[in-house]
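What follows is each chain in one-letter form.
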Amino acid sequence: MTASTPHQPAPLTRRAALTGLAAGAGALAVGSTACTATAAPTPSATASEPAPGAMRLFADPGFNFAGLLALGAAGMRASEVGEVLTAVNAINAAGLSEQTYTDTFRSWGDKLAAPPAAGRDGGGTPSQTRRFRSLRAAQYYAQALFYVLGTDRPGDEEAVYRAGRRAWDTFARLCTPAAVTAQVPWGKTRLPLWFFRPDGPSQRRPTVVLTNGSDGQDVDMWTYGVSAALDRGWNALVYEGPGQGQLLFLEEIPFTTRWETVVSPIVDWLLGREDVDGGRIAITGLSMGGNLAPRAAAFEHRLAAVAAMPGCLSPWLGFDKELRDIVTPDKAETNRIWNEEVVPELTPQTAFTVKKRFEIFDRQALRQAREGKVLTDLWTPAQVAMGLDITKVVGRIKAPTLVLDYDFEQFYPGQPRQMYDLLRTRREYVKLTKATGAQLHCSPMAPQQHCDVVFDWLADVLKR
């Protein structure tokens, strides 16, 4: 079976029970129960299902979640409904697989990244057509990037990231005013950041630092924060840290377990600006960022508010128990079991999921994934994933904290409420529900509702 073979659900055997790895690739955890991919949508689909009726773009729930993220972004002009649905139809017609998904969305990215025929409008200012074409291109490249390791050209990962980054940079440059870009020192490298400001007179404004998760791209921060912040007269800062964006795909730097060391120099940079109200700097964390942002706030007390979207105490617990049980204090024995008992039984789709889930935690795992290989050292990246547990430090957060949860939260079920219970500061717990179409991890079909909840809360706690 090759990477281009139509997607088939992986059997849940003892050695291949990797459903917890499937954040967007092959299985959907509902509550604490895992479900393999279902059959094609049927007229009997009901609202009690995680993604009923028209929300079923693909039969496989993992691919479906990714497609819903692309479709929902249309509300913030970061995609086009017709373009996404046309891509979905083409993928289903060709046979759903990592290959067809990547090729189709990459083609859409290439198409929109090219400058439009009229590069400038009548007033001689940068074309808004090109601006939002570039934003949509960044979205479609991000869709392709997630699945490229499962194709017959996994080494294209860097090229697809670079294409998406060029599209994002073009969009940021064509904003009015143009986003301020900078490189903030961190360790032996620098963190790229984009600082967006409302159009209007320069004045000190509240500012939100937008923290991505383990697989999101910069375009997701537009959908889940920048656009809403600008509409409310706020500044918004987007950045890429270790395990993300440039640092991961170009510099091969995996996640750090001390995210406060990432955020503190960004706060320093913000405090040096005359258009930032230093007493009203908030931080949000989307997806696994719901672990990173609270970790930063536990040590960086210049942050005035925190929003965990959703609350995530331990990313490691998002991995299936069968996998977690393999990892013991004995590195050699862990890797022996992994390589001799587990890896030989992986299907191509589950092998892709393994590559994708672990490339963010270890340079060797990333390099092997780009060579089309499953990592041989499971123990080392697992230590990083386990080290991200913030259960013991959440109580140190001093800033008011919002914890979001979602109906049918796939990846961290139960953890948002647990985080809320551990907080010792002003706090609020909000669950977004299927009643308004805001179910599933990060409310992929309802980013506008999502932003309304978050920014209304931020405005309340940071009001003068």
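Summarised in this report is the structure supplied together with it. (Residues numbered from 1 in each chain as written. Predicted model: local features only at pLDDT ≥ 70, side-chain atom pairs only at ≥ 80, totals over all residues. Heavy atoms only, no water.)

1. Observations regarding unusual backbone geometry
To keep things clear, this is the line we draw: Comment: elements are numbered from the N terminus, with helices defined as DSSP H or I runs of at least four residues and strands as E runs of at least two.
With an omega of -5°, the peptide bond running from Thr176 to Pro177 counts as cis. Along the polypeptide, Pro177 turns up in the loop between α5 (157-174) and β3 (180-186). In the segment running from Met309 into Pro310, the intervening peptide bond is cis, with an omega of 5°. Along the chain, the position of Pro310 falls in the loop between β8 (305-309) and α10 (321-326). The backbone of Arg77 shows a phi angle near 65°, a positive value even though the residue is not glycine. Looking at where Arg77 falls in the secondary structure, it is placed in the loop between α1 (61-72) and α2 (81-94).

2. Some remarks on the environment of Arg370
Applied cut-off: By definition in these notes, contact holds between two residues if any of their heavy atoms fall within 4.5 Å. Two N or O atoms form a polar contact when they lie within 3.5 Å of each other; inside protein one atom must be a possible hydrogen donor and the other a possible acceptor, and for residues adjacent in sequence the pair counts only when both atoms belong to side chains.
Examined against the element boundaries, Arg370 turns out to sit in helix α13 (residues 363-370). Placed 15 residues apart in sequence, Arg370 and Lys355 show a C-alpha to C-alpha distance of 8.7 Å. Discounting residues that sit within four places of it in the chain, Arg370 has contacts with Leu149, Pro154, Gly155, Glu157, Glu158, Leu248, Phe249 and Glu252. A distance of 2.8 Å separates a polar atom in the side chain of Arg370 from the backbone oxygen of Phe249.

3. Some remarks on the packing of helix α3 (residues 98-113) against helix α4 (residues 128-147)
Heads up, the condition is: Axes here refer to lines fitted to C-alpha atoms; in helices the fit is confined to the stretch in contact. Angles between the N-to-C directions go from 0 to 180 degrees. Here roughly perpendicular refers to angles of 65 to 115 degrees, roughly parallel to angles under 35, roughly antiparallel to angles over 145, and oblique to all remaining angles. Helix crossings are classified by the rotation of the near helix relative to the far one: an anticlockwise turn of less than a right angle makes the crossing left-handed, while a clockwise turn makes it right-handed. Polarity classes work like this: nonpolar for Ala, Val, Leu, Ile, Met, Phe, Trp, Tyr, Cys and Pro, charged for Asp, Glu, Lys and Arg, and polar for all others, with Gly in that last group.
Two elements in contact, α3 and α4, have axes whose closest approach is 8 Å; the angle formed by their N-to-C orientations is 160°. Classified by the angle their axes make, α3 and α4 are roughly antiparallel. Our pair here, α3 against α4, has a crossing hand that is left-handed. Residues Glu98, Tyr101, Thr102, Phe105, Arg106, Trp108, Gly109, Asp110, Lys111, Leu112 and Ala113 of α3 touch α4, and the partners they reach there are Arg133, Ser134, Arg136, Ala137, Tyr140, Tyr141, Gln143, Ala144 and Tyr147. Broken down by class, the residue content of the contact of α3 with α4 amounts to 10 nonpolar, four polar and six charged.

4. A short note on the sheet that holds strand β7 (residues 276-286)
Adjacent strands of a sheet form backbone hydrogen bonds with each other and so pair up, either parallel or antiparallel. Our working rule: Only strands that DSSP links by at least two bridges are regarded as paired with each other.
Read across the open sheet, the eight strands follow the order β3-β4-β6-β5-β7-β8-β9-β10; overall the sheet is mixed. One side of each edge strand has no neighbouring strand; the edge strands of this open sheet are β3 and β10 (427-432). This sheet shows a mean twist of 20° between the axes of neighbouring strands, independent of strand direction. Looking at chain direction, strand β5 (residues 205-211) and β7 are connected through six bridges and run parallel. Bridging from a neighbouring strand, Thr211 pairs with Gly285 of β7.

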